[in-house]
Amino acid sequence: MLDSYSRFLDKLEKVIGWMSVIFMFVGFAVIFAQTIARYFFHTGAAWMEETGRYAIIYLSFLCAPIAIRKGKHMAIDI
């Protein structure tokens, strides 16, 4: 039972890893396009800013459980 649960979590981690790569690419591409549009064409779309912001937010929320599972999450020792 525990072995099948562990295999399920491994597969889920792989899917979340690919989703985080997609969100990172989308966030980078949209923010880069927004920067180019704002400085060179003196225009910008509101959807670009929102899409970039939410892509980065989803990226952080998706990657946090993976970091906790691998023991790589940020911690403070006192």
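Each remark here, short or long, concerns the structure printed above.
Residues numbered from 1 in each chain as written. Predicted model: local features only at pLDDT ≥ 70, side-chain atom pairs only at ≥ 80, totals over all residues. Heavy atoms only, no water.

### Observations concerning the side chain of Glu 13
So, step 1. Locating Glu 13 in the fold gives a position in helix H1 (residues 2-40).
So, step 2. One polar contact links Glu 13 to Lys 70, side chain to side chain, over a distance of 3.4 Å.
So, step 3. Ignoring anything within four residues of it in the chain, the contact list for Glu 13 reads Ile 66, Arg 69 and Lys 70. (Helix = DSSP H or I, 4+ residues; strand = E, 2+ residues; numbered from the N terminus. Polar contact = N/O pair within 3.5 Å; in protein donor to acceptor, adjacent residues only side chain to side chain. Contact = heavy atoms within 4.5 Å.)

### Details of H1
So, step 1. Over its 39 residues, H1 runs 56 Å from end to end, which matches the ideal 57 Å to within 8%, given 1.5 Å per residue.
So, step 2. Those residues of H1 not exposed but buried are Glu 13, Ile 16, Ser 20, Gly 27, Val 30, Gln 34 and Ala 37.
So, step 3. The secondary structure elements touched by the buried residues of H1 are helix H2 (46-70). (Expected span 1.5 Å × (residues − 1). Buried < 20%, exposed > 50% of the residue type's maximum accessible area, 1.4 Å probe, protein only.)

### Points about a nonpolar patch on the surface
So, step 1. Taken together, the side chains of Leu 2, Tyr 5, Phe 8 and Leu 12 make up a nonpolar region of the molecular surface, amounting to roughly 460 Å² of accessible area.
So, step 2. Here Leu 12 shows up in helix H1.
So, step 3. Residue classification places Leu 12 among the partly exposed positions, given a relative accessible area of 36%. (Patch = residues over 30% accessible without salt bridge, like charges linked within 9 Å, V, L, I, M, F, W, Y side chains within 5 Å. Areas by Shrake-Rupley, 256 points an atom, 1.4 Å probe, with all protein chains shown as cover. Salt bridge = Lys/Arg side-chain N within 4 Å of Asp/Glu carboxyl O.)

### Observations concerning the packing of H1 against H2
So, step 1. Their axes nearest at 8 Å, the elements H1 and H2 cross at an angle of 150°. As judged from the angle between their axes, H1 and H2 are roughly antiparallel. Crossing angle aside, the handedness with which H1 passes H2 is left-handed.
So, step 2. Broken down by class, the residue content of the contact of H1 with H2 amounts to 17 nonpolar, seven polar and six charged. (Axes fitted to C-alpha atoms, helices over the stretch in contact; angles between N-to-C directions. Parallel < 35°, antiparallel > 145°, perpendicular 65-115°, else oblique. Left-handed = near helix turned anticlockwise from the far one by under 90°. Nonpolar A, V, L, I, M, F, W, Y, C, P; charged D, E, K, R; others polar.)

### Concerning H2
So, step 1. Helix length check: H2 (25 residues) gives 37 Å between terminal C-alpha atoms against 36 Å at 1.5 Å per residue, within 8%.
So, step 2. Along H2, the helix axis deviates most sharply at Cys 63, where the bend reaches about 25°; the proline Pro 65 sits within four residues downstream.
So, step 3. At the C-terminal side of H2, Gly 71 shows a positive phi close to 75°. (Bend = angle between axes of the 7 residues up to and from the residue.)

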